[in-house]
Amino acid sequence: FATMHPDFADPEAEIERALEMGLKGLKLHPDMQQVDADDPRLMKIYEIIEGRMPLMIHCGDRREEIQYSRVDRLLSVTEAFPNLVIDAVHLGGWGMQEDVCKALTA
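Residues numbered from 1 in each chain as written. Predicted model: local features only at pLDDT ≥ 70, side-chain atom pairs only at ≥ 80, totals over all residues. Heavy atoms only, no water.

1. Structural notes on the nonpolar core
In this structure, L26, Y46 and L55 are the most contacted members of the largest nonpolar core, which totals 23 residues. Residue assignment for this core shows that the elements contributing at least two residues are α1 (11–20), β2 (26–28), α3 (40–49), β3 (55–58) and α4 (71–80). Ranked by residues supplied to this core, first place goes to α3 with 6 residues. (Core = buried A, V, L, I, M, F, W, Y, C linked by side-chain atoms within 4.5 Å. Buried < 20%, exposed > 50% of the residue type's maximum accessible area, 1.4 Å probe, protein only. Helix = DSSP H or I, 4+ residues; strand = E, 2+ residues; numbered from the N terminus.)

See the structure below:
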């Protein structure tokens with residue numbers, strides 16, 4: 001899998017390069033990259049990869065200082081990009097199980 005910082009100068013060209021190299025998906029870790037999962041910069045990247053490669057994204061961390069990967073942010077992504085294949089790694093497994101269950105059953 002490829003990865004990319006949200007401030008990368010030319011995400012479309014980098015996605016093309018990753019595909020040409022035979023990479024099969026894109027991995028993002030909003031908490032480590034300190035960017036909201038539904039930040040407009042990432043939304044642009046999701047637009048580029050939708051239908052072309054899956055997204056593996058860290059999701060769900062209840063620690064107060066880390067709010068980048070909350071499940072509600074991921075739901076914003078799934079609503080905007082219904083054809084984006086997403087592997088939500090951990091999906092709230094760090095103390096957010098109740099939030100995830102509520103969000104997925106709403």
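2. Quick word on the pairing of β3
Here 3 bridges tie β2 to β3, and the two strands are oriented parallel to one another. Following the sheet pairing, K27 is matched in β3 by M56. For β3 and strand β4 (residues 86–89), the ladder comprises 4 bridges, and the chain directions are parallel. The partner of M56 across the bridge, within β4, is D87. (Pairing = 2+ DSSP bridges.)

3. Description of α1
Those residues of α1 that fall on the buried side of the exposure criterion are P11, E14, I15 and A18. Each buried residue of α1 sits inside an arc of 100° when the element is viewed along its axis, so together they form one side. Contact partners of the buried residues in α1: β1 (2–3), β2 and α3. One or two positions beyond α1, positive phi appears at G22, with a value near 90°. (Arc of directions from axis to C-beta. Contact = heavy atoms within 4.5 Å.)

4. What about the pattern of salt bridges?
Tallied over the full model, the rule gives 7 salt bridges. For R73, the salt bridge goes to D36, with nearest N and O atoms at 3.3 Å. With R73 in helix α4 and D36 in the loop between α2 (30–33) and α3, this residue pair connects regions lying 37 residues apart in the sequence. Residue classification places D36 among the partly exposed residues on the basis of a relative accessible area of 24%. The residue D39 makes a salt bridge to R41 at a minimum N-O spacing of 2.9 Å. (Salt bridge = Lys/Arg side-chain N within 4 Å of Asp/Glu carboxyl O.)

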